[in-house]
Amino acid sequence: MKKIGLYFGTFNPIHVGHLAIANHIAEYSDLDEIWMVVTPHNPHKKKSSLLDNHHRYEMVYRATESYSKLKPSDVEFKLPQPNYTVYTLAHLEEHYPDYQFNLIMGEDNLKSFHKWKNYEVILENHHIYVYPRIAEGTVETQFKDHPKIHKVAAPIMEISSTFIRNAISESKNIRPLLSKEVWEYIDQMNFYR
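The notes below deal with the structure included here. (Residues numbered from 1 in each chain as written. Predicted model: local features only at pLDDT ≥ 70, side-chain atom pairs only at ≥ 80, totals over all residues. Heavy atoms only, no water.)

## Quick word on the sheet that holds strand S4 (residues 99-106)
If you trace the six strands from one edge of the open sheet to the other, you get S3-S2-S1-S4-S5-S6, paired in parallel fashion. Sheet topology places strand S3 (70-73) and strand S6 (149-151) at the edges, where each strand pairs with a single neighbour. Adjacent strand axes in the sheet meet at a mean angle of 30° when their direction is disregarded. Examined bridge by bridge, strand S1 (residues 2-9) and S4 share six bridges and lie parallel to one another. Along S4, the bridge assignment pairs Gly5 with Asn102. (Pairing = 2+ DSSP bridges. Helix = DSSP H or I, 4+ residues; strand = E, 2+ residues; numbered from the N terminus. Axes fitted to C-alpha atoms, helices over the stretch in contact; angles between N-to-C directions.)

Structure (structure tokens):
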């Protein structure tokens, strides 16, 4: 059975931090592939600065093209909004019965995981791979030594898409923070300016 890690994000834009973490988990865990799931619109984020779904998917596609274990996914584009991870997982299990789906999340998300819709159902049926983040707060005791929660010693990447968007709007050179393909697409499309 193929083991897939789902790495959710608005990827607005996808940057080298995302790629470094996804690639690290692909290389240093038992997962066969990492699907970079582009989320259509997070109800907690202001929509104004969010590029259209297809543009963000295109950037993820271009960024991951040369990584055999990283794949772009637009699965959530077709699901009713607002969507919850538990529904995405159910949808994927239905459509890919031979795959085992697992979640990838930063430690910051694990700290609020107990507030997720049906988090118990998620934990019952899926493993969670957690990468380190610098963040306030503590992880709930119930998640500390959970057999289905795996800490991955990925490098700590504190690069934010917000920082990148702001830098581009201020005409700063942030090319080292983006893959060449993504930078060229942003430049060509005149995004974030």
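## Some remarks on the pattern of salt bridges
Under the counting rule described, the total for this entry stands at ten salt bridges. The closest approach of N and O atoms between Asp30 and Lys3, which form a salt bridge, is 2.6 Å. Here Asp30, found in the loop between helix H1 (16-28) and strand S2 (33-38), pairs with Lys3, found in strand S1; they are 27 residues apart in sequence, far enough to count as distant. We note a salt bridge from Asp187 to Arg193, for which the minimum N-O separation is 2.8 Å. Using a relative accessible area of 36% as the deciding quantity, one classes Asp187 as partly exposed. (Salt bridge = Lys/Arg side-chain N within 4 Å of Asp/Glu carboxyl O. Buried < 20%, exposed > 50% of the residue type's maximum accessible area, 1.4 Å probe, protein only.)

## A closer look at the pairing of S4
Each regular strand shows side chains that alternate between the opposite faces of the sheet. Burial analysis of S4 places six of its eight residues in the buried class, which makes it a mostly covered element. Of the strand pairs in this sheet, S4 and strand S5 (residues 128-131) are connected by four bridges, and their pairing is parallel. Counted as the bridge partner of Leu103 is Ile128 from S5.

## Some words on unusual backbone geometry
Cis geometry marks the peptide bond from Asn12 to Pro13; its omega dihedral reads 5°. You can see Pro13 is positioned in the loop between S1 and H1. Following Gln81, the chain continues into Pro82 via a peptide bond in cis, with omega recorded as -10°. Position of Pro82 relative to the elements: it lies in the loop between S3 and helix H3 (85-95). Positive phi is not limited to glycine here, since Tyr192 has a value of about 65°. Note that Tyr192 resides in the segment after helix H8 (180-189). Accessibility expressed as a relative area gives 13% for Tyr192, which makes it buried.

## A few points about the packing of helix H2 (residues 53-64) against H8
At a minimum axis distance of 8 Å, the contact between H2 and H8 shows a crossing angle of 145°. Along its contact with H2, which presents His55, Glu58, Met59, Arg62 and Ala63, the element H8 presents Glu181, Val182, Tyr185, Ile186, Gln188 and Met189. Broken down by class, the residue content of the contact of H2 with H8 amounts to six nonpolar, two polar and three charged. (Contact = heavy atoms within 4.5 Å. Nonpolar A, V, L, I, M, F, W, Y, C, P; charged D, E, K, R; others polar.)

## Description of the nonpolar core
Looking at soluble globular proteins, one finds that nonpolar side chains tend to be buried together. Counting residues in hydrophobic clusters, the biggest one holds 34 residues, and the most contacted among them are Tyr7, Ile14 and Ile34. Broken down by element, this core gets its largest block of residues, five residues, from H1. Those residues in contact with Ile14, other than ones at most four positions away along the chain, are Leu19, Met36, Met59, Val60, Ala63, Leu178 and Val182. Listed in part, the 21 residues of the second largest apolar core include Leu92, Leu123, Val130 and Val139. (Core = buried A, V, L, I, M, F, W, Y, C linked by side-chain atoms within 4.5 Å.)

## As for the packing of aromatic side chains
Under the counting rule described, the total for this entry stands at 16 aromatic pairs. Judged by centre distance (6.4 Å) and plane angle (70°), the rings of Tyr57 and Phe77 are edge-to-face. Of this pair, Tyr57 sits in helix H2 while Phe77 sits in the loop between S3 and H3, and the two are 20 residues apart along the sequence. Centre to centre, the rings of Tyr119 and Phe143 are 5.8 Å apart; their planes meet at 90°, and the pair counts as edge-to-face. (Phe/Tyr/Trp six-rings, centres within 6.5 Å; stacked < 30°, edge-to-face > 60°.)

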